[in-house]
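Commentary on secondary and tertiary structure
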Amino acid sequence: MELRARGWWLLCATAALVACARGDSASKSRSCSEVRQIYGAKGFSLSDVPQAEISGEHLRICPQGYTCCTSEMEENLANHSRMELETALHDSSRALQATLATQLHGIDDHFQRLLNDSERTLQDAFPGAFGDLYTQNTRAFRDLYAELRLYYRGANLHLEETLAEFWARLLERLFKQLHPQLLLPDDYLDCLGKQAEALRPFGDAPRELRLRATRAFVAARSFVQGLGVASDVVRKVAQVPLAPECSRAVMKLVYCAHCRGVPGARPCPDYCRNVLKGCLANQADLDAEWRNLLDSMVLITDKFWGPSGAENVIGSVHMWLADAINALQDNKDTLTAKVIQGCGNPKVTGSEEKRRRGKLALQEKTPTGTLEKLVSEAKAQLRDIQDFWISLPGTLCSEKMAMSPASDDRCWNGISKGRYLPEVMGDGLANQINNPEVEVDITKPDMTIRQQIMQLKIMTNRLRGAYGGNDVDFQDASDDGSGSGSGGGCPDDTCGRRVSKKSSSSRTPLTHALPGLSEQEGQKTSAASCPEPHSFSLLFLVTLVLAAVGPRWR
């Protein structure tokens, strides 16, 4: 009796197992059918997909239980998952670059328009007011605006020296025009130039313009350069390839649920964050310097307002020029007497011509409020993107990786449907040493990203210097180590870092030039700055000969 009962039990158990296997087989077949639809929708061949689950010993990434994936499917889906993440990263980067570009073009266009309007006002008003004092010196004024424009757009000019050269050249020319009856040789004009600082022939205009322009232009150009550097950093970081360990982890995150026969299970939130925190660990290390840069850019906008602010000064250059010529004419007799006292009596070649003294009074333009609106929008957007790098994993998980809305028993945890238990890692490379999902070597930081961190530091230092009114030297730290600010291999002891108008041929190329300034325009003089070593001595000798026998041009 006991044997008969035991036989019935074995028979029932066997039947139950067979029935369970049949039911399980039907379930597996249905699961693979759903995987076939998803796999085919991605453009892959359906011939790779088995009709029912098969043993998974062949899998290299996904769990090796029963599976709907062949080796070919796993490889194809791994490549596809990597491409999807790269596309998502590029989309996020392009969106951020577009935001920065919109800010840059809006504010840059406004500053350039202010300078253009100032020059246009000068061209319209000066001929009628000053006559040939202006018309015979239009090139000097045009050159000044060209230099200001080059400086603003990134050329490595010394602005104070540029302005000093302009005033010295203008004084020589205007003094000769105001005294056509006097013979003024070069040595006499040199004497005049040496006394110019003490004589103050143009009144306070040169000093006021120098003090205000240097602070205003450096603040304006540093801000827009900061936007350019930020955009450039985003572009270069977006080109950093994903590590092989990351590609494997992303495949396991996104598509191993399909291979496991549960394609409807979406990644658990904490699981997704751990994978992308490991994949983007180097990018997260940009966070500190990125924030410093954006904070410094917001701070420098304080220098845009008020009497010495960038908006007022850049748009009012012509007013200081008008004040200077007015002062020169008003002080003509006193100036002449002091020059004769200091430099001697020049020869008289004819009678003095009486000339009409024209004066020009210009009304200061009231700001339109355009810059205030542009800066307000830019500051708001800069604050919005401050946490871009550390929020990127969570953003991609929410928007691109079809993350589950909750970490519960129904989400994909990398092995099966169930709760994800490991804790979420911190941000940055150093915090990934125990990442359970991505194997990260914290001793080997990505060098491209380290270079971009240095780029951010350099630009932040430049902005901080600009806030104090100082034009900090800016060396471009590019990927290849040479950089656009390297001077084309020109040694510093030959070319120098700072240049004046007298030695404009030694200007170095632009560093983070603003839009609208061509590379040719920025480098047109740099080719002459560093002659070939074998020709340098010859060039020097020729220069000495020309200086000895050629007349000096005034």
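Residues numbered from 1 in each chain as written. Predicted model: local features only at pLDDT ≥ 70, side-chain atom pairs only at ≥ 80, totals over all residues. Heavy atoms only, no water.

Going by an unreviewed UniProt entry, the protein carries the name Glypican-1 and comes from Microtus ochrogaster. Under the Function (unreviewed entry) heading, UniProt states for the protein: "Cell surface proteoglycan." UniProt lists a comment for the protein under the heading Sequence similarities (unreviewed entry), and it reads "Belongs to the glypican family." (UniProt positions renumbered as here; feature names shortened; annotations may be inferred.)

The subject of this paragraph is the overall build of the protein. Broken down by element type, the protein carries 21 helices and 2 strands. Taking all 554 residues of the protein together, 47% fall into the buried category. In the protein, once contacts between residues fewer than 6 apart in sequence are set aside, the share between residues at least 24 apart is 78%. Carbon and sulfur atoms provide 52% of the accessible area of the protein, an area that totals close to 27700 Å². (Helix = DSSP H or I, 4+ residues; strand = E, 2+ residues; numbered from the N terminus. Buried < 20%, exposed > 50% of the residue type's maximum accessible area, 1.4 Å probe, protein only. Contact = heavy atoms within 4.5 Å. Areas by Shrake-Rupley, 256 points an atom, 1.4 Å probe, with all protein chains shown as cover.)

Attention shifts here to the state of the cysteines. According to the stated counting rule, one finds 6 disulfides in the structure shown. Disulfide pairing places Cys62 opposite Cys256 at an S-S distance of 1.9 Å. Around the S-S axis, the bridge from Cys62 to Cys256 shows a dihedral of about -85° and counts as left-handed. A residue pair is termed long-range when its members are at least 10 positions apart, and Cys62 in the loop between helix 1 (2-41) and helix 2 (71-130) and Cys256 in helix 9 (residues 256-259) qualify at 194 residues. Per residue, the accessibility class of Cys62 equals that of Cys256, and both read buried. (Disulfide = S-S within 2.5 Å.)

On to the packing of aromatic side chains, then. Within the structure shown, the criterion is met by 15 aromatic pairs. Here Phe304 and Trp305 contribute two aromatic rings whose centre-to-centre distance is 6.1 Å and whose plane-to-plane angle is 75°, an arrangement assigned as edge-to-face. Chaining the aromatic ring pairs together yields one cluster made of Phe126, Phe130, Tyr134, Phe141, Phe166, Trp167 and Phe202. Here Arg221 stacks its cationic end above the ring of Tyr151, 4.0 Å away from the centre of that ring. Its guanidinium or amino end placed over the ring of Tyr467, Lys303 lies 4.4 Å from that ring's centre, counting from NZ or CZ. (Phe/Tyr/Trp six-rings, centres within 6.5 Å; stacked < 30°, edge-to-face > 60°. Lys NZ or Arg CZ within 6 Å of the ring centre and 35° of its normal.)

This part takes up helix 4 (residues 138-152). With 15 residues, helix 4 should cover 21 Å at 1.5 Å per step; its first-to-last C-alpha distance of 21 Å lies within 8% of that length. Looking only at helix 4, the buried set comprises Ala140, Phe141, Leu144, Tyr145, Glu147, Leu148, Arg149, Leu150, Tyr151 and Tyr152. Gly154 occupies a position one or two residues after helix 4 and carries a positive phi of about 120°. (Expected span 1.5 Å × (residues − 1).)

Mapping Thr336 onto the fold places it in helix 15 (residues 332-343). Thr336 sits in the buried class, given a relative accessible area of 12%. Within the local environment of Thr336, its side chain forms a polar contact with the side chain of His179, the two groups lying 2.6 Å apart. If we ignore the near neighbours within four places in the chain, the residues touching Thr336 are Phe175 and His179. (Polar contact = N/O pair within 3.5 Å; in protein donor to acceptor, adjacent residues only side chain to side chain.)

So, on to the packing of helix 4 against helix 5 (residues 159-178). Interhelical geometry of helix 4 versus helix 5 gives an angle of 180° and a closest axis separation of 11 Å. Put simply, helix 4 runs roughly antiparallel to helix 5. Counting all contacts with helix 4, which are made through Ala140, Phe141, Asp143, Leu144, Glu147, Leu148 and Tyr151, the residues of helix 5 involved are Leu159, Thr162, Leu163, Phe166, Arg169 and Leu170. When the residues that make up the contact of helix 4 with helix 5 are grouped by side-chain class, the tally is 9 nonpolar, 1 polar and 3 charged. (Axes fitted to C-alpha atoms, helices over the stretch in contact; angles between N-to-C directions. Parallel < 35°, antiparallel > 145°, perpendicular 65-115°, else oblique. Nonpolar A, V, L, I, M, F, W, Y, C, P; charged D, E, K, R; others polar.)

This brings us to the confidence of the model for the protein. For the protein, per-residue confidence averages 80 on the pLDDT scale, and 76% of positions sit at 70 or higher. Element-level pLDDT for the protein is lowest in helix 19 (residues 492-495), with a mean of 34, against a maximum mean of 97 in helix 11 (residues 281-284). (pLDDT = per-residue confidence, 0-100.)

Moving on, we come to helix 8 (residues 244-254). Of all the residues in helix 8, the buried ones are Cys246, Ser247, Ala249, Val250, Met251, Leu253 and Val254. Among the structural elements, helix 2, helix 9 and helix 10 (269-279) are those in contact with the buried residues of helix 8.

Quick look at the environment of Lys400 now. In this fold, Lys400 is placed in the loop between helix 17 (388-399) and helix 18 (447-467). Spatially, the C-alpha atoms of Lys400 and Ala88 are 6.7 Å apart, while their sequence positions differ by 312 residues.

Here we come to the nonpolar core. Counting residues in hydrophobic clusters, the biggest one holds 138 residues, and the most contacted among them are Phe111, Phe126, Phe223, Trp290 and Leu321. Ranked by the residues each element gives to this core, the list is headed by helix 2, at 17 residues. Apart from the residues lying within four places of it in its own chain, the contact partners of Trp290 are Leu96, Leu100, Ala230, Val234, Ile385, Gln386, Phe388, Trp389 and Leu456. (Core = buried A, V, L, I, M, F, W, Y, C linked by side-chain atoms within 4.5 Å.)

The next point concerns the environment of Glu34. Within the fold, Glu34 resides in helix 1. Residue classification places Glu34 among the partly exposed positions, given a relative accessible area of 38%. Counting along the chain gives 230 residues from Glu34 to Gly264, while the straight-line C-alpha distance between them is 9.4 Å.

Next up on the list: the environment of Met251. By the element assignment, Met251 lies in helix 8. For the pair Met251 and Asn76, spaced 175 residues apart in sequence, the C-alpha separation works out to 9.9 Å. If near-sequence neighbours (up to four positions away) are discounted, Met251 is found in contact with Ile61, Cys62, Glu74, Leu77, Ala78, Ser81, Cys256 and Cys259.

Moving on, we get to the packing of helix 5 against helix 6 (residues 186-199). Closest axis-to-axis distance for the helix 5/helix 6 pair is 10 Å, and the angle between their directions is 120°. Taken together, the axes of helix 5 and helix 6 are oblique relative to one another. Along this stretch, helix 5 crosses helix 6, giving a crossing that reads as right-handed. Contact residues: Leu171, Glu172, Phe175 and Lys176 in helix 5; Leu189, Leu192 and Ala196 in helix 6. For the contact of helix 5 with helix 6, the residue count by class is 5 nonpolar, no polar and 2 charged. (Left-handed = near helix turned anticlockwise from the far one by under 90°.)

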